[in-house]
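Structure assessment
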Amino acid sequence: RAIRLAADAERIVRTYTAEGTQGRMASALASISRALVQIDPARGEELAAEAERVTQSIAYSTPRYARRSGQSFNEHRKAHDLSQVARTLSSSDPDRAERIARSIANEGVRGEALGEIMAETLRDSYGLEMSLYPRSRFAGGAFLAVFFGG
């Protein structure tokens with residue numbers, strides 16, 4: 001049943017063809033991949049790779065109302081889309097998640113994504129719980145507070 005539901009979800013996601021929906025498509029593919037990797041690792045890996053490809057290849061058009069300040073509107077949107085895919089894949093494919101996060105041009109968004117991946121890795125590997133405060137900045141990345149779980 002789970003494989004059938006994943007296939008249905010994937011079919012629906014592939015209908016996201018309108019301009020501006022590629023980021024949503026990549027995020028949804030990453031979510032399906034994360035769920036599917038437990039029951040069909042090969043298909044989960046294929047979807048993770050596709051989510052990464054889709055996100056890296058997104059070409060945005062800047063809306064007329066967007067203001068430019070330093071980094072372009074398009075680069076900022078792409079950074080957030082890459083971050084979302086990296087965070088989604090952090091538990092099922094931490095190596096790919098880290099590679100995606102490190103490719104993010106925006107330093108703040110990159111730091112937050114790497115912090116989320118680190119928190120996921122610590123929880124999975126050592127049973128540690130982390131609380132991330134992404135709105136607080138410290139040394140260009142996310143401010144992290146570690147709480148030892150029992």
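Everything in this summary refers to the structure shown in the same document. (Residues numbered from 1 in each chain as written. Predicted model: local features only at pLDDT ≥ 70, side-chain atom pairs only at ≥ 80, totals over all residues. Heavy atoms only, no water.)

Regarding the overall build of the chain
We count it as follows: Comment: elements are numbered from the N terminus, with helices defined as DSSP H or I runs of at least four residues and strands as E runs of at least two. Using a 1.4 Å probe on the protein chains alone, a residue whose accessible area is under 20% of its type maximum counts as buried, one over 50% counts as exposed, and one in between counts as partly exposed. Any two residues whose heavy atoms approach within 4.5 Å at even a single point are treated as in contact. Here the accessible surface of atoms and residues is derived via Shrake-Rupley with a 1.4 Å probe, and residues count as covered only by protein chains that are part of the display.
What the chain contains, in helices and strands, is six helices and two strands. Starting at the N terminus, the α and β elements of the chain follow one another as α-α-α-α-α-α-β-β. Expressed as a percentage of the 150 residues in the chain, the buried residues total 40%. Contacts in the chain between residues at least 24 apart in sequence constitute 45% of all its contacts with a sequence separation of at least 6. In the form shown here, the chain has an accessible surface area of approximately 8900 Å², with 51% of it arising from carbon and sulfur atoms.

Re the nonpolar core
Our working definition: We call a set of buried residues a nonpolar core when its members are Ala, Val, Leu, Ile, Met, Phe, Trp, Tyr or Cys and they connect through side-chain atoms within 4.5 Å of each other.
Val13, Leu29, Val85, Leu89, Ile100 and Ile104 are the most contacted members of the largest nonpolar core, which has 25 residues in total. The set of elements that each furnish at least two residues to this core consists of α1 (2-13), α2 (22-36), α3 (41-56), α4 (73-89), α5 (94-102) and α6 (107-126). Sequence-distant contacts of Ile100, defined by excluding residues within four places in its chain, comprise Glu52, Leu82, Val85, Ala86 and Leu89.

Points about α6
The cut-off we apply is this: Between the first and last residue of a helix there are one fewer steps than residues, each counted as 1.5 Å, and that sum is the expected span.
Its 20 residues give α6 an end-to-end C-alpha distance of 27 Å, which sits within 8% of 28 Å, the value for a rise of 1.5 Å per residue. Buried within α6 we find Gly108, Val109, Gly111, Glu112, Ala113, Gly115, Ile117, Ala119, Glu120 and Leu122.

Quick notes on the side chain of Glu120
In plain terms, the rule: Distance and chemistry together define a polar contact, namely a pair of N or O atoms within 3.5 Å, with one atom able to donate a hydrogen and the other to accept it when in protein, and with adjacent residues in sequence counting only for side-chain atoms on both sides.
In this fold, Glu120 is placed in helix α6. In this structure Glu120 comes out as buried when scored by relative accessible area, which is 12%. A polar contact of 2.5 Å, which involves the side chain of Glu120, links it to the side chain of Arg123. Leave out the neighbours within four places in its chain, and Glu120 touches Ser90 and Ser91.

Quick look at the packing of α5 against α6
Between two packed helices, both the angle of their axes relative to each other and the distance between the axes serve to describe the pair. The following threshold applies: Where helices are involved, their axes are fitted lines through C-alpha atoms of the stretch in contact, as for all axes, and angles between N-to-C directions lie from 0 to 180°. Throughout this description, any angle smaller than 35 degrees is read as roughly parallel, any larger than 145 degrees as roughly antiparallel, any in the 65 to 115 degree range as roughly perpendicular, and the remainder as oblique. If you view the pair so one helix is near and one far, a crossing is left-handed when the near helix is turned anticlockwise from the far one by less than a right angle, and right-handed when it is turned clockwise. Under the scheme applied here, ten amino acids are nonpolar (Ala, Val, Leu, Ile, Met, Phe, Trp, Tyr, Cys and Pro), four are charged (Asp, Glu, Lys and Arg), and all others, including Gly, are polar.
Direction vectors running N to C along α5 and α6 enclose 165°, while the axes themselves pass 9 Å from each other. On the basis of their axis angle, the class for α5 and α6 is roughly antiparallel. Judged by the twist between their axes, the crossing of α5 over α6 is left-handed. Along its contact with α5, which presents Pro94, Ala97, Glu98, Ala101 and Arg102, the element α6 presents Arg110, Ala113, Leu114, Ile117 and Thr121. Grouping the amino acids of the contact of α5 with α6 by side-chain chemistry returns six nonpolar, one polar and three charged.

Quick look at the pattern of salt bridges
Selection rule: We count a salt bridge whenever a side-chain nitrogen from Lys or Arg sits within 4 Å of a carboxyl oxygen from Asp or Glu.
Following the criterion strictly, the structure yields twelve salt bridges and no others. Arg96 serves as the salt-bridge partner of Glu45, at 2.2 Å between the closest nitrogen and oxygen. Taken together, the positions of Glu45 in helix α3 and Arg96 in helix α5 put the pair 51 residues apart, joining distant regions of the chain. Arg96 gets classed as buried once you look at its relative accessible area, which sits at 8%. Taking the shortest distance from any N to any O, the salt bridge between Arg96 and Asp93 comes out at 3.0 Å. This pair shows no difference in class: Arg96 is buried, exactly as Asp93 is. A network of salt bridges, in which partner residues are shared, links Glu10, Arg14, Arg43, Glu46 and Glu50.

A closer look at the packing of α2 against α3
As a packed pair, α2 and α3 sit with axes 8 Å apart at the nearest point and diverge in direction by 160°. The angle between the axes of α2 and α3 places the two elements in the roughly antiparallel class. α2 and α3 meet at a crossing whose hand is left-handed. Contacts between α2 and α3 pair Gln22, Ala26, Leu29, Ala30, Ile32, Ser33 and Leu36 from the former with Pro41, Arg43, Gly44, Leu47, Ala48, Glu50, Ala51, Val54 and Thr55 from the latter.

Interpretation note: all reported values are geometric properties and have no functional meaning in isolation.
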